[in-house]
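Breakdown of the fold
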Amino acid sequence: MSDQVTRATDLTGTLVLKHDRLFLLSDAFGDLKTDERGLGLYTGDTRVLSRLELRIDGLRPLVLRTGTGAGYACTIQMTNPDLARNPLEKGDRTAMLARQSLGIVRERRVSDGGLDDRVRVHNYTMHPERCVLTLALDADFADIFEVRGVRREARGERAPALVDADVVSFEYRGLDGRVRRTRVQVSEPPTRTEAVVDPARPDAETGVVLAFEWVVPPAGDRTLGVRVMSQVDDPEPSAARRSSALAAPPPSDAEAAHRAWHGTSTSVTSSHAGAERAFRRSMADLRLLIDPGPGEGERYIAAGIPWYDTLFGRDSIITSLQLLSIRPQLASDTLSVLARLQATTADDWRDAEPGKILHELRTGEMALANEIPHTPYYGSVDSTPLFLVLLSEYERWTADMTLVDRLWPVALAALEWIDRYGDRDGDGFVEYLRRSGKGLINQGWKDSADAIRWADGTLAEGPIALAEVQGYVYLARRGMARLARRRGETDLGNRLDAAATSLRTRFEAAFWLDGPGTYAVALDGDKRPVDSVTSNAGHVLWSGIASADRATPDAATQKGTDKIKGRGHRTH
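Residues numbered from 1 in each chain as written. Predicted model: local features only at pLDDT ≥ 70, side-chain atom pairs only at ≥ 80, totals over all residues. Heavy atoms only, no water.

Let us now look at the pattern of salt bridges. For the structure on display, the rule yields 50 salt bridges. Between E489 and R487 there is a salt bridge whose closest N-O contact spans 2.9 Å. Overall, the relative accessible area of 25% leaves E489 in the partly exposed class. Accessibility expressed as a relative area gives 31% for R487, which makes it partly exposed. Salt bridges sharing common partners tie together D27, D31, R51, E53, R55, R60, R106, R108 and D117. (Salt bridge = Lys/Arg side-chain N within 4 Å of Asp/Glu carboxyl O. Buried < 20%, exposed > 50% of the residue type's maximum accessible area, 1.4 Å probe, protein only.)

Put into structure tokens, the structure is as follows:
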């Protein structure tokens, strides 16, 4: 979808919290503001809360320290700036409340129940202090593609915000016919409320401000609890749910999920404390990427937070491959959900063909209203062979032939796609050319519109046969040949091995570049090797398709000083 995004969002300094499909992007103060940075609370590819700004006497608190914990909870420690006071109100004392007189702690967590944000104000002076705490709220229900910059011709209808005692309600009826609701419940009714009006459209409200006028006792504190819950086409929360929503939360489902994740994954111990901390933090970060699948009981690992928090064929498969020694269950989960969503018919709008494994699945308004083809979208040339690679490698690590047998019809359909649809012109190579008007121009792992270029910078014209994709197909056939023999299907195994050997011979003849000593990034639509030197050839080495006498010079090219940088391997 990168071709459709017209601007990027800067996430520098952003705090990210996540559990399952709910994630929060806030600034360092814990605030959400509707701006170009895309801050907000998201679920189901929708921004369900776009504004959550905390002020004390109209001013923003000063941040002292932030701790993000395990990624689903954080604590932000703040204090007050200098606050002006009415001299008559203060008697003989100073007309200014000095900074750092009040401690302000913001504790928040995300879980299945929504977002909990608790604000505690502690008075460090020896006399009561008055303060006005304000909370500005809004929910724009923007689709995540809108937030990333896609322009829409029309949007659905937002209802005015409603304030009922301790609950603020936002509602939006989308062009997909679904009603999305966000409820913000506070632990005490506000002293006063104020509707916020868009200056450009005086008839349009853009949220509400809740004001809480407090007297904080000396050496005492006051606490405001905020709970945010979102729903799609659901009725109002029940009275019982509302009354108990802000009780002191027990250990959350997020905590239990993280404990279970660590307890059932490979453990690593080391005499190097830093290495152990790094491993444990890496495992916690990976758990944040686990999402519930679209089907009952399904799970997968998402491609990334925030914009790619969804199921991607290629990304979910590669991550599962890399974690086989740490958590093979992830490969089983990923294979199962991708198999269920395998394409069974041809659909140009979604770049789908029978046997193809999806590229990206979206569940927001724009997808459900058919504004984008991601329901799911199949414009990925490599997810299908990589699916077969993962199936074979999973069995190598686990000897789980039960899963292989269950997914065998899916695997055969994927092989059929490679031969019938992937090889568009019968030359033995797998190519891509988009058919969807809103699909990806380039459908490999470099999927920006200008990704495949000649050495002089000219764009290559399709259909494009990527070098690494031929390697993936080679490795897929070898793996499937081994599994076929394990199932007693010797003839199929022999045919697949022969096809892999034939592909290697043709690949060497068509893709090798003598000058730079590496493989071409691709063949263009005229079957000419695209001569730019890229890291795609590194994938060729991983797949095993490279011949022994050319693997060494290709590896040397990949290790050149212009390729290896301080932060890793340059990808272009």
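Let's pick the thread back up.
Let us look at helix 10 (residues 401–422). Taking 1.5 Å of rise per residue, 22 residues should cover 32 Å, yet helix 10 covers just 27 Å from first to last C-alpha, more than 12% shy of that figure. In this structure, the buried residues of helix 10 make contact with helix 7 (328–340), helix 9 (383–398), helix 11 (467–486) and helix 12 (490–511). N-cap assignment for helix 10: the residue whose side-chain oxygen lies 3.2 Å from the backbone N of T402 is D400. (Helix = DSSP H or I, 4+ residues; strand = E, 2+ residues; numbered from the N terminus. Expected span 1.5 Å × (residues − 1). Contact = heavy atoms within 4.5 Å. Polar contact = N/O pair within 3.5 Å; in protein donor to acceptor, adjacent residues only side chain to side chain.)

The packing of two helices is summarised by the inter-axis angle and the distance between the axes. Where helix 10 contacts helix 11, the two axes come as close as 11 Å, and the packing angle between them is 135 degrees. Taken together, the axes of helix 10 and helix 11 lie oblique to each other. In this structure, the crossing between helix 10 and helix 11 has a hand that is left-handed. Where helix 10 approaches helix 11, its residues M401, V404, W408, A411, L415, I418 and D419 are matched on the opposing element by V473, R477, M480, L483, A484 and R486. For the contact of helix 10 with helix 11, the class distribution of residues is 10 nonpolar, no polar and three charged. (Axes fitted to C-alpha atoms, helices over the stretch in contact; angles between N-to-C directions. Parallel < 35°, antiparallel > 145°, perpendicular 65-115°, else oblique. Left-handed = near helix turned anticlockwise from the far one by under 90°. Nonpolar A, V, L, I, M, F, W, Y, C, P; charged D, E, K, R; others polar.)

Turning next to the nonpolar core. Ranked by size, the top nonpolar core spans 75 residues in total, and within it F387, L388, I452 and F511 carry the most contacts. Per-element tally for this core: the top contributor is helix 10, with 11 residues. Every residue in contact with F511, bar those within four places of it in the chain, is listed here: F429, A465, L466, A467, Q470, T518, Y519, A520, A522 and L523. Counting 45 residues, the second largest nonpolar core, distinct from the first, contains L49, I104, L115 and A161. (Core = buried A, V, L, I, M, F, W, Y, C linked by side-chain atoms within 4.5 Å.)

A few words on the sheet that holds strand 11 (residues 114–123). With antiparallel pairing, the eight strands of this open sheet are ordered in space as 6-7-10-11-18-15-14-13. Either end of the sheet is taken by a strand with one partner, and the two such strands are strand 6 (62–67) and strand 13 (157–164). Adjacent strand axes in the sheet meet at a mean angle of 15 degrees, parallel and antiparallel pairs treated alike. Of the pairings in the sheet, the one linking strand 15 (residues 179–186) to strand 18 (residues 221–232) comprises seven bridges and is antiparallel in character. Bridging across to strand 18, R183 finds its partner in M229. (Pairing = 2+ DSSP bridges.)

What follows deals with the packing of aromatic side chains. Taken as a whole and judged by the stated rule, the model has nine aromatic pairs. Both rings, one in Y472 and one in W542, keep their centres 6.1 Å apart while their planes meet at 75 degrees; by these two values the pair is edge-to-face. Of this pair, Y472 sits in helix 11 while W542 sits in helix 13 (residues 536–543); the two residues are 70 residues apart in sequence, bridging distant segments of the chain. What makes Y472 buried here is its relative accessible area of 2%. Using a relative accessible area of 48% as the deciding quantity, one classes W542 as partly exposed. Both rings, one in W512 and one in Y519, keep their centres 4.8 Å apart while their planes meet at 75 degrees; by these two values the pair is edge-to-face. (Phe/Tyr/Trp six-rings, centres within 6.5 Å; stacked < 30°, edge-to-face > 60°.)

This part covers unusual backbone geometry. Note the cis peptide between I305 and P306, where omega equals 10 degrees. As for its placement among the helices and strands, P306 is situated in the loop between strand 20 (299–301) and helix 6 (313–322). The linkage connecting T375 with the following residue, P376, adopts the cis geometry, with an omega of 5 degrees. With respect to the helices and strands, P376 occurs in the loop between helix 8 (365–368) and helix 9. With a phi close to 70 degrees, Q100 is a non-glycine residue in the positive phi region. Of note, Q100 is situated in the loop between strand 9 (96–97) and strand 10 (102–111). Of note in the backbone geometry, D351 takes a positive phi value of approximately 50 degrees without being a glycine. Considering the arrangement of structural elements, one finds D351 in the loop between helix 7 and helix 8. A relative accessible area of 1% means that D351 is categorised as buried.

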